[in-house]
Amino acid sequence: NMLPNYGVSSSYDEYVENFLNTVKTGVASYDNYDNGASFFDNLATVSHHALSHATPFWSIVATYPGEAQKRWETMQALAYGAKGVVFFTYAYFPPLGQPAILNPDNTPSTQYEEVTRVNADVHAIGQYLLGAQLLGFDSAATNPRPSDGTLSFTAPASITYGRFRGTTHLYFFFANRSAS
């Protein structure tokens, strides 16, 4: 699992490139629990490098924020071409002191219900995007990259979008850029 850009001392582009060249896990997994400016930069960098390596990427989403925040992070990752979303953490881990999907007694917590609802949306969207190729993405925080010259536009500041090519269709996936 790769660190976010605030967790490395070198250039994040170099870090991600070196990680993918060295580790060769078959999936580019990373997390970013800071939803500040680095959030979109990390998504753009990991998505770009994963695509150039023909490696799917997964985004790890924290379980402790509320459902709206989990949904927002998940939908942003899908717009940037994520092929998997992992929720951290599944079982209660005392040193973290954060709510988990399971309570300390291994019964489902309120996080369980929230993750179940977000996952239902991911599965509905995934039937179209999982097998589709990312062509590009854009948000107010990133430059559109990569691009193959097909239909494109600059997203307004309130929207993140991803462009995808399926076997018979082009798909645009729009996500509200505002977490509120």
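Further up the page is the structure itself.
The text that follows walks through the structure, step by step, so that each part is easy to find. All figures in this text were calculated on a predicted structure; none of them were measured in a lab.

### What to know about the sheet that holds strand 3 (residues 84–88)
At step 1: Taking strand neighbours across the sheet as the criterion, the three strands line up as 1-2-3 in an open arrangement whose pairing is parallel. With one partner strand each, in any of the chains shown, strand 1 (28–31) and strand 3 form the two edges of the open sheet. Sheet twist, expressed as the average angle between the axes of neighbouring strands with direction ignored, equals 25°.
At step 2: The sheet contact formed by strand 1 and strand 2 (residues 57–62) spans four bridges and is parallel. Bridge pairing links Asp31 to Ile60 in strand 2.
At step 3: Its contacts with the sheet place helix 3 (residues 67–79) against strand 2 and strand 3, and it is angled at close to 170° to strand 2.

### Considering the nonpolar core
At step 1: With 38 residues, the main nonpolar core has Met2, Phe57 and Phe173 as its most contacted residues.
At step 2: Ranked by residue count, the leading element in this core is helix 2 (residues 38–52), at six residues.
At step 3: In this structure Met2 touches Tyr15, Val16, Phe19, Ala28, Ser29, Tyr30, Asp31 and Val46, once residues within four positions along its chain are discounted.

### Describing the pairing of strand 6 (residues 159–165)
At step 1: For strand 6, a buried count of five out of seven residues is recorded, marking the element as mostly surrounded by other parts of the structure.
At step 2: Relative to strand 7 (residues 170–176), strand 6 runs antiparallel, the two sharing seven bridges. Residue Thr160 lies in a different strand from strand 7, and its bridge partner there is Ala175.

### Topic: the packing of aromatic side chains
How two aromatic rings sit relative to each other is given by the distance of their centres and the angle of their planes.
At step 1: Counted under the stated rule, the structure contains 13 aromatic pairs.
At step 2: Summarising the aromatic geometry, the rings of Phe39 and Phe40 are spaced 5.3 Å apart at their centres and angled 90° between planes, so their arrangement reads as edge-to-face. Comparing Phe39 with Phe40, the two get one shared label, buried.
At step 3: Three or more aromatic residues link up through ring pairs in this structure, and these residues are Phe39, Phe40, Trp72, Tyr80 and Phe137.
At step 4: Positioned above the aromatic ring of Phe40, the side-chain terminus of Arg177 is 4.0 Å from the ring centre.

Conventions we followed
Residues numbered from 1 in each chain as written. Predicted model: local features only at pLDDT ≥ 70, side-chain atom pairs only at ≥ 80, totals over all residues. Heavy atoms only, no water. Pairing = 2+ DSSP bridges. Helix = DSSP H or I, 4+ residues; strand = E, 2+ residues; numbered from the N terminus. Axes fitted to C-alpha atoms, helices over the stretch in contact; angles between N-to-C directions. Contact = heavy atoms within 4.5 Å. Core = buried A, V, L, I, M, F, W, Y, C linked by side-chain atoms within 4.5 Å. Buried < 20%, exposed > 50% of the residue type's maximum accessible area, 1.4 Å probe, protein only. Phe/Tyr/Trp six-rings, centres within 6.5 Å; stacked < 30°, edge-to-face > 60°. Lys NZ or Arg CZ within 6 Å of the ring centre and 35° of its normal.

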